Amino acid sequence: MSAFQTVRGMRDLLNEEAKTFTHVITKARETALLFGFKEAITPHVEPLELLSAKSGEEIRQRMFIFKDLGGRQVALRPEFTASIARLATTNLKTEPKPLKLFSTGTVYRYDEPQRGRYREFWQSNFELIGSNKPEADTEIILLTNKFLQTLHLQGYAFKIGHIGIIRSILNQDGIDEKTQNAILQRMDKKEYEEALKLINSEKCRHTLQCLINIKGKNWQDTLTQINALASDYEKAKEATKNLSEVLTLVTSSTEISLTVEPAFARGLEYYTGLIFEVYIPQLEIALGGGGRYDRLIEAFGGEPTPAVGCAHGIDRIVIALQTQNTAATAIDEKKVVVIPITEAVKTEALKIAQSLRDQGVSTEFELMGRKMGKALEDADKRNLDYAIIIGERELEENTAVIKDLKKREQTTVAIANLIEKIKN
Ligand code: HAM
């Protein structure tokens, strides 16, 4: 046995699992196209300063940081948002708004490894830059909804909050930004007692305590409760109004399951407005999350530019599909192997394989020169659907034998009809 293993928290993805990953990424890319997002491919390694500027303590402490040979302090990206915000202040600064960018790839965080939590994991990331309108927040929720729907995930639900509500309450009571960040970090970890301890003002502590207890599936009722609680907090009421505008748009344009939790916070520090995460009932970990961050681009030296975005955890979505048993059925394209019986028909057999590939069928060719029996055994082992057997006699009649490896039936069909037979 080799002494070499993967680095802790990093995985090899193989066979069905690798296939499911690719499938999910393909669906994310299709969703990007469907909503008019363009793909941006950015480096895995970025300046440490960029990645740590506004991400918050939680992420800062978990980055893979190193010095390159030129002495630069760099890190492996823990997410995409900082890189995309960098683009918005440099190469894409003068692009017409909104900028709508999609990225996918691996990101790195020194998290404690467990099921659904890795140190290298995949995200599909969407950023919508330049609009402060509720329809922009709506678009991000709708695309997440569409993405999970196309994957046939069942029972997923959105948890929705608004950082503007919490920060407005803390601001009005004069709590400085650093303490606010510390409070939000604890709230993100549901350490509410610890969070409340950081607040001196009795009134503010009480308001936040009440906010923590508000939670509801009927969003209109929940927003009414928040408004009643925040009656003295003008800015918090504005934030609630903004949340109401987004939820009105979202719920009137699609069927969606959501809970409003106004005291819900997220690990990243740059959020300023609506935030959300999405879950399935079988897993306690979020499949994705995002929100509005209206001050990040300005903090990176750009013009003040509103923005909203989200990232989906591909590794967790794959676990969700496996849990719900939809992973296999989601990708049911047929797989075929073409087997020439003799040397003489090899060229023609290759041509047939090529023509099937041209028509979009996943087609393998017998590459080991095995006899038919062995080649079929191998096709069985690798779970292929059809073997197409090319013999001299059949070729003369422009036909081939097609063997359904699952049903164990075989028939002779005209070469021109092979595609129809496979696809049906
Ligand atoms: P995030 O919530 O930190 O947001 O990550 C998004 C998703 O990545 C999570 O919901 C989860 O599914 C997945 N994820 C996070 N950590 C791990 C891990 N250790 N192992 C496996 N999966 C994980 C962001 O990254 C923001 N940049 C999203 C965003 C974009 N906000 C605005 N624009």
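From a predicted model like this one, the values you see are computed outputs, not experimental measurements.

We now examine the site of the ligand. Taken together, 27 residues surround the ligand, and among them E79, T81, D111, Y271 and A286 come closest. At 3.5 Å, a backbone N or O of G116 approaches a nitrogen atom of the ligand. A286 places a polar main-chain atom, nitrogen or oxygen, 2.8 Å from an oxygen atom of the ligand. By residue class, the composition of the shell around the ligand is 10 nonpolar, 10 polar and seven charged.

For the protein, the assigned domains are domain 1 (15-328) and domain 2 (333-423). Centre-to-centre, using C-alpha coordinates, domain 1 lies 49 Å away from domain 2.

In terms of nonpolar packing, the biggest core is built from 99 residues, with F37, I140, I160, L208 and I317 touching the most fellow members. Top element by residues in this core is helix α5 (residues 134-150). It accounts for seven residues. Ranked by size, the runner-up nonpolar core spans 19 residues in total, among them V345, A349, A400 and V413.

As for its position among the elements, S83 is in helix α4 (residues 81-89). Here the side chain of S83 touches E46 through a polar contact of 2.7 Å, side chain to side chain. Setting aside residues up to four positions removed in sequence, S83 forms contacts with T42, E46 and L50.

The next point concerns unusual backbone geometry. In this structure, P98 follows K97 across a cis peptide bond, with omega equal to 0°. Mapped onto the secondary structure, P98 falls in the loop between α4 and β5 (99-108). One non-glycine residue with positive phi stands out, namely K190, at about 60°. Along the chain, K190 falls in the loop between α7 (177-188) and α8 (192-197). Phi angles above zero are rare outside glycine, and N398 is one such case at about 55°.

Pairing within the open sheet is mixed, and its five strands lie in the order β13-β12-β14-β15-β16. Where the open sheet ends on each side, the last strands, each with one partner, are β13 (362-365) and β16 (409-414). Across the sheet, the mean angle separating the axes of adjacent strands is 25° when strand polarity is ignored. Strand direction decides the pairing type here: strand β15 (residues 399-404) and β16, joined by six bridges, are antiparallel. Looking at the pairing, T399 lines up with A414 of β16. The sheet contacts of helix α15 (residues 346-358) involve β12 (335-340), β13 and β14 (386-390), and relative to β13 the element is tilted by about 160°. Against the sheet, helix α16 (residues 372-381) engages β12, β14 and β15, with an angle of about 170° to β12.

Glancing now at the packing of helix α6 (residues 163-172) against helix α11 (residues 234-253). Relative orientation of the contacting elements α6 and α11 amounts to 175°, with a least axis distance of 8 Å. Viewed along their axes, α6 and α11 adopt a mutual orientation that is roughly antiparallel. Contacts between α6 and α11 involve G164, I165, S168, I169 and Q172 from the former and E234, K235, A236, A239, T240 and L243 from the latter.

So, about the packing of helix α10 (residues 219-229) against α11. Packing of α10 against α11 brings their axes to within 10 Å, and their N-to-C directions diverge by 175°. Considering their axes alone, α10 and α11 lie roughly antiparallel with respect to each other. Along the contact surface, α10 presents W219, L223, I226 and N227, while α11 presents K237, T240, L243, S244, L247, T248 and T251. Of the residues belonging to the contact of α10 with α11, the class tally is five nonpolar, five polar and one charged.

What follows is about the side chain of D378. Inspection of the secondary structure assignment puts D378 in helix α16. You can call D378 buried: its relative accessible area is 17%. Side-chain polar atoms of D378 contact the side chain of R370, separated by 3.3 Å.

Strand order in this open sheet of three strands is β2-β4-β3, and the pairing throughout is antiparallel. What marks the edges here is a single partner per strand, and that holds for β2 (45-47) and β3 (65-67). Ignoring strand direction, the axes of neighbouring strands in this sheet form an average angle of 40°. Pairing geometry for β2 and strand β4 (residues 73-76), over three bridges, is antiparallel. Note that in β4 the partner of P47 across the bridge is V74.

Burial within strand β10 (residues 288-292) is extensive, with five of its five residues counted as buried. Both β10 and strand β11 (residues 307-313) contribute to a ladder of five bridges, which runs antiparallel. Bridged to G288 within β11 is H312.

Each aromatic ring pair is specified by the distance between its two centres and by the angle formed by the two planes. Summed over the entire model, instances satisfying the criterion amount to eight aromatic pairs. Taken together, the aromatic side chains of F37, F102 and F126 make up a single cluster linked through ring pairs. Sitting above the plane of the Y118 ring, R11 keeps its charged end 3.7 Å from the centroid. Note that R119 overlies the ring of Y110, its terminal NZ or CZ placed 3.7 Å from the centroid.

The rules behind each value
- Residues numbered from 1 in each chain as written.
- Predicted model: local features only at pLDDT ≥ 70, side-chain atom pairs only at ≥ 80, totals over all residues.
- Heavy atoms only, no water.
- Near = heavy atom within 4 Å.
- Polar contact = N/O pair within 3.5 Å; in protein donor to acceptor, adjacent residues only side chain to side chain.
- Nonpolar A, V, L, I, M, F, W, Y, C, P; charged D, E, K, R; others polar.
- Domains from an automatic or database assignment.
- Core = buried A, V, L, I, M, F, W, Y, C linked by side-chain atoms within 4.5 Å.
- Buried < 20%, exposed > 50% of the residue type's maximum accessible area, 1.4 Å probe, protein only.
- Helix = DSSP H or I, 4+ residues; strand = E, 2+ residues; numbered from the N terminus.
- Contact = heavy atoms within 4.5 Å.
- Pairing = 2+ DSSP bridges.
- Axes fitted to C-alpha atoms, helices over the stretch in contact; angles between N-to-C directions.
- Parallel < 35°, antiparallel > 145°, perpendicular 65-115°, else oblique.
- Phe/Tyr/Trp six-rings, centres within 6.5 Å; stacked < 30°, edge-to-face > 60°.
- Lys NZ or Arg CZ within 6 Å of the ring centre and 35° of its normal.

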